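What the coordinates show
Here is how the chains run, residue by residue.
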Amino acid sequence: MVERFDVAVAGSLHLDIMVKGPHLPQIDETVMGSRWGYKCGGKGGNQAVAASRARARTAFVGCVGDDDFGRRLLTNLDDADVDRTRIVVDGAAGSGMSVAIETADGDYGAVVVPGANRKIAAAQLDGLTATVLLLQNEIEPAINLAAAERLKPVGAIVIHNMAPFVVVDQRLLKLTDVVVVNRVEAEAMTGERDYHRAALAIAAMGCTAIVTAGEQGSVVAARGGSLTSIAATPVKAVSTHGAGDCFCGTLAAELAKGINLAAATAKASAAAARLVSGQLAI
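Residues numbered from 1 in each chain as written. Predicted model: local features only at pLDDT ≥ 70, side-chain atom pairs only at ≥ 80, totals over all residues. Heavy atoms only, no water.

Applying the stated rule across the entire model yields 13 salt bridges. Between Asp-78 and Arg-84 there is a salt bridge, with the nearest N and O atoms lying 2.7 Å from each other. Since its relative accessible area comes to 32%, Arg-84 is described here as partly exposed. A salt bridge links Arg-223 to Asp-177; the shortest N-O distance between them is 3.5 Å. Of the two residues, Arg-223 is situated in the loop between strand 12 (218–221) and strand 13 (227–230) and Asp-177 in the loop between helix 4 (170–175) and strand 10 (178–182); the sequence distance between them amounts to 46 residues. Owing to a relative accessible area of 46%, Arg-223 belongs among the partly exposed residues under this scheme. Salt bridges sharing common partners tie together Lys-152, Asp-177 and Arg-223. (Salt bridge = Lys/Arg side-chain N within 4 Å of Asp/Glu carboxyl O. Buried < 20%, exposed > 50% of the residue type's maximum accessible area, 1.4 Å probe, protein only. Helix = DSSP H or I, 4+ residues; strand = E, 2+ residues; numbered from the N terminus.)

Following this line, the structure appears as structure tokens:
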């Protein structure tokens, strides 16, 4: 049976072990932290939760292990009302996880172990259609390509969040409508340090580009070369962890509602600001 969702996310699920410390450790440095805890994450999982909480009917394609981490991740999706019928539980692979360090200033760094996220199969996409397809780079590139090849011809808007940055797959780029990157990823993708010029360079590749720049807001570069700046919402940062994922999930949800790209970007930026300030959770 073919089902149509507002947003479909093919992506990663990681259980994050969050550690609070005064700063990120340097090489060979041991830092004494103040607390730790679990948080459900993975860029895909976070973005799906954000899309669902932005009132989009959201489906997830992924894989977890048959372990405690996997059960926590599935429960988190259930709590956010994300459809998980296309998530496989793999008894041979451990669930994806990460160790993430948050500093007193709200910055963070992380080490990710993909685990079962490497086991997602193209067959899990069978019968799936959506108004918007949302992709990232924490799963096998072949799955991203397969998802775009299947959903783009049936009308999906394809959003590719190029995070973490990898070498651009030209086949996937041709199927992508909107590329979302932060200013670091934009420079890696184009060689342009100025994020406005980087946005225009991505747009010249044939995609609309959105480059996020934290407190400086974001910029939308259309394929025709026009630039639209979106102001950031001034907030006091509590934690930046998950801000980009909140942005992408909200953006997908708003586009699925038929809102124009500039307005959807503004709503996504505002949602990310609320998350950074602790007013919103994903």
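Where helix 3 (residues 141–151) is concerned, the buried positions are Ile-143, Asn-144, Leu-145, Ala-146, Ala-147, Ala-148 and Leu-151. Tucked into the core, helix 3 has its buried residues touching strand 1 (3–10), strand 8 (128–135), strand 9 (157–161) and helix 4. (Contact = heavy atoms within 4.5 Å.)

With that out of the way, let us pick up the nonpolar core. Core analysis: the largest hydrophobic core is formed by 44 residues, its most contacted members being Val-7, Ile-159, Val-180, Ile-210, Phe-247 and Leu-251. Elements that contribute at least two residues to this core include exactly strand 1, helix 1 (43–53), strand 4 (58–65), helix 2 (68–79), strand 8, strand 10, helix 7 (243–256) and helix 8 (261–276). Ranked by the residues each element gives to this core, the list is headed by helix 7, at 9 residues. With residues up to four places along the chain from it excluded, the contact list for Val-7 reads Ala-51, Ala-56, Arg-57, Thr-58, Ala-59, Ala-130, Val-132, Ala-252, Ala-253 and Ala-256. Counting residues in each nonpolar core, the second largest holds 24 residues, with Cys-63, Leu-125, Leu-151 and Val-158 among its members. (Core = buried A, V, L, I, M, F, W, Y, C linked by side-chain atoms within 4.5 Å.)

Now for helix 2. For helix 2, spanning 12 residues, the distance from its first C-alpha to its last is 16 Å, which sits close to the expected 16 Å at 1.5 Å a residue. Of all the residues in helix 2, the buried ones are Gly-70, Leu-73, Leu-74 and Leu-77. In an axial view of helix 2, the angular spread of the buried residues amounts to 95°, which keeps them on one side of the axis. Against the buried residues of helix 2 lie strand 2 (14–20), strand 3 (35–41), helix 1, strand 4, strand 5 (83–90) and strand 6 (96–102). Directly after helix 2, the chain includes Asp-81, whose backbone phi takes a positive value near 65°. (Expected span 1.5 Å × (residues − 1). Arc of directions from axis to C-beta.)

In this model, Ala-163 is joined to Pro-164 through a cis peptide bond whose omega is -15°. Among the secondary structure elements, Pro-164 is positioned in the loop between strand 9 and helix 4. The backbone of Asp-28 sits at a positive phi, close to 70°, despite the residue not being glycine. Assignment of secondary structure puts Asp-28 in the loop between strand 2 and strand 3. One non-glycine residue, Arg-55, adopts positive backbone phi at about 70°.

So, about the packing of aromatic side chains. Describing an aromatic ring pair means giving the distance of the ring centres and the angle of the ring planes. Inspection of the entire model under this criterion finds 2 aromatic pairs. Here the aromatic rings of Trp-36 and Tyr-38 are separated by 5.6 Å at their centres, their planes lie at 80°, and the arrangement is edge-to-face. With relative accessibility at 40%, the residue Tyr-38 sits in the partly exposed group. A ring pair is formed by Tyr-38 and Phe-69, whose centres lie 6.0 Å apart and whose planes are at 75°; its orientation type is edge-to-face. Of this pair, Tyr-38 sits in strand 3 while Phe-69 sits in helix 2, and the two are 31 residues apart along the sequence. Members of the aromatic cluster, connected to one another through ring pairs, are Trp-36, Tyr-38 and Phe-69. One cation-aromatic arrangement involves Arg-72 over Tyr-38; the distance from NZ or CZ to the ring centre is 4.3 Å. (Phe/Tyr/Trp six-rings, centres within 6.5 Å; stacked < 30°, edge-to-face > 60°. Lys NZ or Arg CZ within 6 Å of the ring centre and 35° of its normal.)

Our next topic: empty space enclosed by the protein. All chains considered together, the criterion is met by 2 cavities of 30 Å³ or more. Estimated volume of the largest cavity: approximately 50 Å³. Leu-13, Cys-40, Gly-41, Gly-45, Asn-46, Val-49, Leu-73, Asn-76, Leu-77 and Ile-282 are the residues that line the largest cavity. Residue composition of the lining of the largest cavity, by class: 6 nonpolar, 4 polar and no charged. Empty space within the second largest cavity amounts to approximately 30 Å³. Around the second largest cavity, the lining residues are His-160, Met-162, Val-168, Asp-169, Leu-172, Leu-173 and Thr-176. Split by residue class, the lining of the second largest cavity holds 4 nonpolar, 2 polar and 1 charged. (1 Å grid on protein atoms, 1.4 Å probe; cavity = no way out; pocket = protein on both sides within 12 Å on 5 of 7 lines; lining within 4 Å. Points joined across faces, edges and corners; volume = space filled by probe spheres on them. Nonpolar A, V, L, I, M, F, W, Y, C, P; charged D, E, K, R; others polar.)

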